[in-house]
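Here is what each chain is made of, one letter per residue.
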Amino acid sequence: MQGFKRKLVYACLFEALAIVFTTFGLAVIAGHDSAHSTAAAVASSTVAFLWNFIFNGLFERWEARQSVRGRNFARRAAHAIGFEGGLVLMLVPLFAWWLDISLWDAFVLDLGLIVFFMVYTYLFNLLFDRVFGLPSSAMPVTAPCPVQSH
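J.: Can you walk me through the overall build of the protein chain in this structure?
T.: For the protein chain, the count of helices and strands is four helices and zero strands. Going from N to C terminus, the protein chain has its helices and strands arranged as α-α-α-α. Taken over C-alpha atoms, the radius of gyration comes to 18 Å for the protein chain, far larger than the 15 Å a tight globule of 150 residues would show. C-alpha extents for the protein chain along the principal axes are approximately 75 × 25 × 20 Å. Here the protein chain, with 150 residues, has 37% of them falling under the buried criterion. Put simply, of all contacts in the protein chain between residues at least 6 apart along the chain, 73% involve residues at least 24 apart. Total accessible area on the protein chain is roughly 8800 Å²; 73% of this is exposed by carbon and sulfur atoms. Here the protein chain contributes 10 positively and 9 negatively charged side chains, and the mean placements of these two sets differ by 19 Å.

J.: Would you take a moment to explain the packing of helix 2 (residues 34–64) against helix 3 (residues 73–99) for this structure?
T.: Axis angle and axis distance: for two packed helices, these are the angle between their axes and the distance between the axes, and together they describe the pair. Packing of helix 2 against helix 3 leaves a shortest axis separation of 9 Å and a crossing angle of 145°. The two elements helix 2 and helix 3 meet at a crossing, and its hand is right-handed. In the contact of helix 2 with helix 3, the residues fall into 17 nonpolar, seven polar and two charged.

J.: How should the environment of T121 be read in this particular structure?
T.: Along the chain, T121 turns up in helix 4 (residues 103–132). Overall, T121 belongs to the buried group, its relative accessible area being 0%. Once the C-alpha coordinates of T121 and A80 are considered, the two residues, 41 residues apart in sequence, prove to be 5.7 Å apart. Among all residues touching T121, those that are not within four sequence positions of it are F14, H79, A80, F83 and E84.

J.: I tried to follow the side chain of E60 on my own but got confused; where do I start?
T.: Tracing the chain through its elements places E60 in helix 2. Given the relative accessible area of 15%, E60 is considered buried. Excluding residues that lie within four positions of it along the chain, E60 makes contacts with K7, R71, P135 and S137.

J.: Quick question: what am I supposed to make of the confidence of the model for the protein chain here?
T.: A low pLDDT score tells you not to read the predicted coordinates there in detail. Summary statistics for the protein chain give a mean pLDDT of 82 and a share of 91% for residues scoring 70 or more. Ranking the elements of the protein chain by mean pLDDT puts helix 1 (residues 3–29) last with 82 and helix 3 first with 88.

J.: Please clarify how the packing of aromatic side chains should be interpreted in this entry.
T.: Two measures describe an aromatic ring pair: the distance that separates the ring centres and the angle between the ring planes. Per the counting criterion, the structure on display carries 21 aromatic pairs. Relative to F14, the ring of Y10 has its centre 5.9 Å away and its plane inclined at 15°; by these criteria the two rings are stacked. Separated by four residues within a single helix, Y10 and F14 lie in helix 1, roughly one turn from each other. Take Y10 and F14: they sit in the same class, and that class is buried.

About the thresholds
Residues numbered from 1 in each chain as written. Predicted model: local features only at pLDDT ≥ 70, side-chain atom pairs only at ≥ 80, totals over all residues. Heavy atoms only, no water. Helix = DSSP H or I, 4+ residues; strand = E, 2+ residues; numbered from the N terminus. Rg over C-alpha atoms; globule rule 2.2 N^0.38 Å. Buried < 20%, exposed > 50% of the residue type's maximum accessible area, 1.4 Å probe, protein only. Contact = heavy atoms within 4.5 Å. Areas by Shrake-Rupley, 256 points an atom, 1.4 Å probe, with all protein chains shown as cover. Lys, Arg positive; Asp, Glu negative; His and termini not counted. Charge placed at Lys NZ, Arg CZ, Asp CG, Glu CD. Axes fitted to C-alpha atoms, helices over the stretch in contact; angles between N-to-C directions. Left-handed = near helix turned anticlockwise from the far one by under 90°. Nonpolar A, V, L, I, M, F, W, Y, C, P; charged D, E, K, R; others polar. pLDDT = per-residue confidence, 0-100. Phe/Tyr/Trp six-rings, centres within 6.5 Å; stacked < 30°, edge-to-face > 60°.

Structure below.
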């Protein structure tokens, strides 16, 4: 599976699970009621869904220009850190506003989610690539067939 279809399936699966995990985390760990937690989870997943398309498009463009193909640990870790780092910049202000707390408190609250989602992003990508195959940007470049003269 490649292109837009791959990105859509990836983002939908990733965010559906993220809503469940975020709702649980905010409700249990942070002590917010489930309705408030679910709304924050859906809002954060909407932001993440859009960021997912932007970040993965940019990452795959960069990846396609690399001479070494495939997704080793370093490349997967860079992907997870880049994705989650950008998301933190967008979600901490959202959580601060929605939960009516300071940016610092929102960041501290988000630290647990950051650690969880770094691992979740890495493992989700690993599993997704195993189930659906690598995107074309990570596929080995095949050399053209040599022309034989007679």
